[in-house]
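Single-letter residue listing:
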Amino acid sequence: LQEIGLRVHPEAKACDTIAEVKAYIASMAEKRHALEHEIDGAVVKVDSFAQRDRLGFTAKSPRWAIAFKYEAERVQTKLRDILVQVGRTGVLTPVAALDPVFVSGSTVARATLHNEEEIARKDVRVGDTVIIEKAGEVIPAVVEVRKDLRTGSEKKFRMPRNCPECGSAVVKDAAQVAVRCVNAQCPAQVRRRIEHFASRGAMDIEGLGEVMVTQLVKAALVRDVADIYSLDSAKLSQIERTGDKSIRNLLDAIERSKTRPLWRLIHGLGILHVGET
């Protein structure tokens, strides 16, 4: 790679023994934050192509390479509120609203709290000082509460009895942790279903992102995924700040989506327990 002019990582190193590999990983742990980019671990690879061929692959990954992951960086911040988001299947998910804090390469102001049981287990309260990390260096999560810093003004969280989006009563399945809004026409569910359908992993409709979907649902131009295919220039021109070029691009992307393979359509429909695989 160097010979053809591509940049390679200056810290890459060939090791002859496992002891050397372990020493290298330990040394990188000490200087990981001094690098020009973030890292979450070190990849250990067998060097010989012949040995790689013999070792082969599993269904998901090579047997000749493995990643050693460092412990995620943890930071402390204040939890100002617990908001509730509604997903495409109607599941209500509590989300921590935080004082913005820099962690693992980006500023974080939101973190997942998973569900009501998890909040109760960790005894997370509004006003708490909390420790957060990025799970897998990607998704911010609250991992610990600094109970020793409590002042007595902190407030316990209660899951709402009604959907924060549409006001419908929520239900909890005895067999599951999830609390759901059972109104299939809940605007939040409609938006999330359409976003999922148009996502890169499903029908891959470029231009049909969160902002555009929100505007289409608000204007009652799209009520389910089928309505995407009835959109035209006249309808899209009703959306604020949408020019002729962006309308044409979106309609072209919708047209291209009609050629996607069947598995993408089925995945895009978001049937419970039916995923990409």
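These numbers come from a predicted model, not from an experiment. (Residues numbered from 1 in each chain as written. Predicted model: local features only at pLDDT ≥ 70, side-chain atom pairs only at ≥ 80, totals over all residues. Heavy atoms only, no water.)

J.: So what's going on with the overall build of the protein? Residues and values would help.
T.: Of regular secondary structure, the protein possesses 8 helices and 11 strands. Radius of gyration (C-alpha) of the protein: 24 Å, far over the 19 Å computed for a compact globule of 277 residues. In terms of principal-axis extent, the alpha carbons of the protein reach across some 65 × 60 × 40 Å. A separation threshold of at least 6 residues defines the contact pool for the protein, and within that pool the share at least 24 residues apart is 51%. Accessible surface for the protein amounts to roughly 17700 Å². Of this, 52% is attributable to carbon and sulfur atoms. Averaging the locations of the 43 positively and 38 negatively charged side chains of the protein gives two centres separated by 4 Å. (Helix = DSSP H or I, 4+ residues; strand = E, 2+ residues; numbered from the N terminus. Rg over C-alpha atoms; globule rule 2.2 N^0.38 Å. Contact = heavy atoms within 4.5 Å. Areas by Shrake-Rupley, 256 points an atom, 1.4 Å probe, with all protein chains shown as cover. Lys, Arg positive; Asp, Glu negative; His and termini not counted. Charge placed at Lys NZ, Arg CZ, Asp CG, Glu CD.)

J.: Give me the lowdown on the nonpolar core, citing residues and values where you can.
T.: Counting 27 residues, the largest nonpolar core has Leu98 and Ile132 as its most contacted members. Breaking this core down by element, the ones donating at least two residues are strand S3 (74–86), strand S4 (92–103), strand S5 (106–112), strand S7 (129–135), strand S8 (139–145) and strand S11 (179–181). If sequence neighbours within four positions are ignored, leucine 98 has contacts with Thr77, Lys78, Leu79, Val108, Ala109, Arg110, Ala111, Val130 and Ile132. By size, the runner-up hydrophobic cluster in this structure holds 23 residues, among which are Val190, Phe197, Leu231 and Leu250. (Core = buried A, V, L, I, M, F, W, Y, C linked by side-chain atoms within 4.5 Å. Buried < 20%, exposed > 50% of the residue type's maximum accessible area, 1.4 Å probe, protein only.)

J.: I'd love a proper account of unusual backbone geometry, names of residues and values included.
T.: Here the phi dihedral of aspartate 123 falls at roughly 55°; this positive angle occurs in a residue that is not glycine. With respect to the element layout, aspartate 123 can be found in the loop between helix H3 (116–122) and strand S6 (125–126). Take aspartate 123: its relative accessible area is 19%, and that puts it in the buried class. Even without being a glycine, histidine 273 presents a positive backbone phi close to 70°. With respect to the element layout, histidine 273 can be found in the segment after helix H8 (262–268).

J.: I'd like a description of the pattern of salt bridges, backed by residues and values.
T.: Scanning all chains against the criterion turns up 18 salt bridges. Among the salt bridges present, the one from arginine 248 reaches aspartate 252, with a minimum N-O distance of 3.4 Å. Taken as a pair, arginine 248 and aspartate 252 lie in helix H7 (residues 244–257) at a separation of 4 residues, close to a single helical turn. You can call aspartate 252 partly exposed: its relative accessible area is 31%. (Salt bridge = Lys/Arg side-chain N within 4 Å of Asp/Glu carboxyl O.)

J.: So, the packing of aromatic side chains: which residues are in play, and what are the values?
T.: Per the stated rule, a full pass over the model turns up 3 aromatic pairs. Relative to tryptophan 64, the ring of phenylalanine 57 lies with its centre 6.0 Å away and its plane at 85°, an arrangement referred to as edge-to-face. On the accessibility criterion, phenylalanine 57 (53% relative accessible area) is exposed. Given a relative accessible area of 15%, tryptophan 64 falls into the buried group. (Phe/Tyr/Trp six-rings, centres within 6.5 Å; stacked < 30°, edge-to-face > 60°.)

J.: Just give me the short version of helix H4 (residues 187–198), but keep the residues and values in it.
T.: An ideal rise of 1.5 Å per residue puts 16 Å on 12 residues; H4 measures up with 17 Å between its terminal C-alpha atoms. Burial analysis of H4 places 9 of its 12 residues in the buried class, the great majority of the element. Along H4, the residues classified as buried are Ala188, Gln189, Val190, Arg191, Ile194, Glu195, His196, Phe197 and Ala198. The inward-facing, buried residues of H4 abut S3, S11, helix H5 (210–218) and H8. (Expected span 1.5 Å × (residues − 1).)

J.: Go over the environment of phenylalanine 197 with me, naming the residues and quoting the values.
T.: Inspection of the secondary structure puts phenylalanine 197 in helix H4. The sequence separation of phenylalanine 197 and valine 44 amounts to 153 residues, and the corresponding C-alpha distance is 37 Å.

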